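# Structural characterization, general
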Amino acid sequence: MILPIVKFGNPVLRQKGARVEKITPDIKKLIEDMFETMYAAAGVGLAAQQVGRALQLTVIDVRGVKDRPSTIELDGKPAEVAAVMPLVLINPGIQPFGDPVAGPEGCLSFPEIFEEITRPGSVEVNALDAKGQPVHFKSSGLLARAIQHETDHLNGILFIDRMPLKAKQALKVELDELQAETKATLQSKLG
Ligand code: ZN
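Residues numbered from 1 in each chain as written. Predicted model: local features only at pLDDT ≥ 70, side-chain atom pairs only at ≥ 80, totals over all residues. Heavy atoms only, no water.

## Quick look at the sheet that holds strand E7 (residues 134-141)
For clarity, the threshold we go by: Here, any two strands with at least 2 DSSP bridges between them count as paired. By the criteria applied, helices consist of DSSP H or I runs no shorter than four residues and strands consist of E runs no shorter than two, each listed in order from the N terminus. Convention adopted: a line fitted to C-alpha atoms gives each axis, helices being fitted over their contacting stretch, and angles between N-to-C directions are expressed from 0 to 180 degrees. Should any heavy atoms of two residues lie within 4.5 Å, those residues are considered in contact.
Taken in spatial order, the 7 strands of this open sheet run E1-E2-E5-E6-E7-E3-E4, and their pairing is antiparallel. Of all the strands in the sheet, just strand E1 (45-47) and strand E4 (77-79) have a single pairing partner and so form its edges. On average, each strand axis in the sheet is inclined to that of its neighbour by 35°, with strand direction left out of account. Judged from the 7 bridges that link them, strand E6 (residues 115-128) and E7 form a sheet pairing that is antiparallel. Among the inter-strand pairings, alanine 127 is bridged to a residue of E7, identified as valine 135. Contacts between helix H1 (residues 25-40) and the sheet are confined to E1, strand E2 (57-60) and strand E5 (87-105), with E2 contributing the most and set at about 40° to the helix. The strands touched by helix H2 (residues 142-154) are E1, E2, strand E3 (70-74), E5, E6 and E7; relative to E5, the strand with the most contacts, the crossing angle is about 120°.

Laid out in structure tokens, this is it:
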């Protein structure tokens, strides 16, 4: 089922996700729906907050992007990125490392807003997969960026928080409009 994607201005995007203690049927269905929602929106990642659930859960799939490569290391050895795709990360702990890299980023909660964001080029990940099994790997490239972007969501951090002040100021009108629109929609639902 395709779920509505929460937009900037909805307070759930600022909530830190609760840990997922058990892979219940509800969580399994949520994972399935999040993938369906992400693919329908042509995104590479989606966090639970973006469908209105403040949980430590994100789904990622970078296979659709051909011009921005990703690499992974499993058990200290280079591996195929496809080996961990589609990727479900539950209760992830990440350690970004390596030189900072600038790259374009968008977010399904900020339609039509794109900006260069600088983040460490690589990341070490410890999480649980969709079955509740531990996953551990290192990644670079687009996947490392997507993992950092999505893990930020799980902690209530948005890509606008990572923008240089100048870039954020340049987007002020668009951001204010989006926020006002989201709040008006929420208000009309309540009313
Ligand atoms: Zn996002």
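## Let's talk about the coordination of the zinc ion
Stated precisely, the cut-off is as follows: Coordination partners: N, O, S within 2.8 Å of the metal, 3.2 Å for Na, K and Ca; water not considered, so apparent gaps in a site are possible.
At the metal site, the zinc ion is ligated by Cys107 (SG), His149 (NE2) and His153 (NE2), and these contacts range over 2.0 to 2.2 Å. Between the donor residues of the zinc ion, the gaps in sequence give the motif C-x41-H-x3-H. With cysteine 107 in the loop between E5 and E6 and histidine 149 in helix H2, the pair connects residues that are 42 residues apart, well separated along the chain.

## Looking at the pairing of E6
Bridging between E5 and E6 involves 12 bridges; their strand directions are antiparallel. Residue proline 96 lies in a different strand from E6, and its bridge partner there is valine 123. From the end of E6 to the start of E7, which pair antiparallel, there are 5 residues, and glycine 132 there has a positive phi angle of about 85°.

## Remarks on a negative patch on the surface
The line we're drawing: Exposure above 30% relative accessible area and no salt bridge define the residues that can form patches, which grow by joining like charges within 9 Å and nonpolar side chains of Val, Leu, Ile, Met, Phe, Trp and Tyr within 5 Å. Note on areas: Shrake-Rupley with a 1.4 Å probe; residue coverage comes only from the protein chains shown. One speaks of a salt bridge when a side-chain nitrogen belonging to Lys or Arg is within 4 Å of a carboxyl oxygen belonging to Asp or Glu. In this tally, Lys and Arg are treated as positive and Asp and Glu as negative; His is ignored, and so are the chain termini. Throughout, a charge is located at the NZ atom of Lys, the CZ atom of Arg, the CG atom of Asp or the CD atom of Glu. For each residue, the accessible area found with a 1.4 Å probe, counting protein chains only, is set against the maximum for its type, and the residue is called buried under 20%, exposed over 50%, and partly exposed in between.
On the surface, Glu112, Glu174, Glu177 and Glu181 cluster together into a negatively charged patch. Relative to the helices and strands, glutamate 177 is located in helix H4 (residues 172-190). Given a relative accessible area of 52%, glutamate 177 falls into the exposed group.

## What to know about the layout of surface pockets
A water-sized probe, rolled over the atoms, reveals where empty space remains. Rules: Lining residues are defined by having an atom within 4 Å of a point belonging to a cavity or pocket. Those points lie on a 1 Å grid over the protein atoms alone, cavities being sets where a 1.4 Å probe fits but cannot get out and pockets being open sets with protein on both sides within 12 Å along at least five of seven lines. Grid points are joined across faces, edges and corners, and a volume is the space filled by probe spheres set on the points. Classification used: nonpolar for Ala, Val, Leu, Ile, Met, Phe, Trp, Tyr, Cys and Pro, charged for Asp, Glu, Lys and Arg, polar for all others including Gly.
Roughly 420 Å³ of internal volume is contained in the largest pocket. In terms of lining residues, the largest pocket is bounded by 24 residues, among which Val44, Glu105, Gly106, Cys107 and Phe114 are the most central. The set of elements that each furnish at least two residues to the lining of the largest pocket consists of E5 and H2. With 6 residues, H2 is the largest single contributor of residues to the lining of the largest pocket. In the lining of the largest pocket, the residues fall into 13 nonpolar, 6 polar and 5 charged. Of the voids in this model, the second largest pocket is the one considered here, and its volume is about 220 Å³. Here the lining of the second largest pocket is composed, by residue class, of 5 nonpolar, 3 polar and 3 charged.

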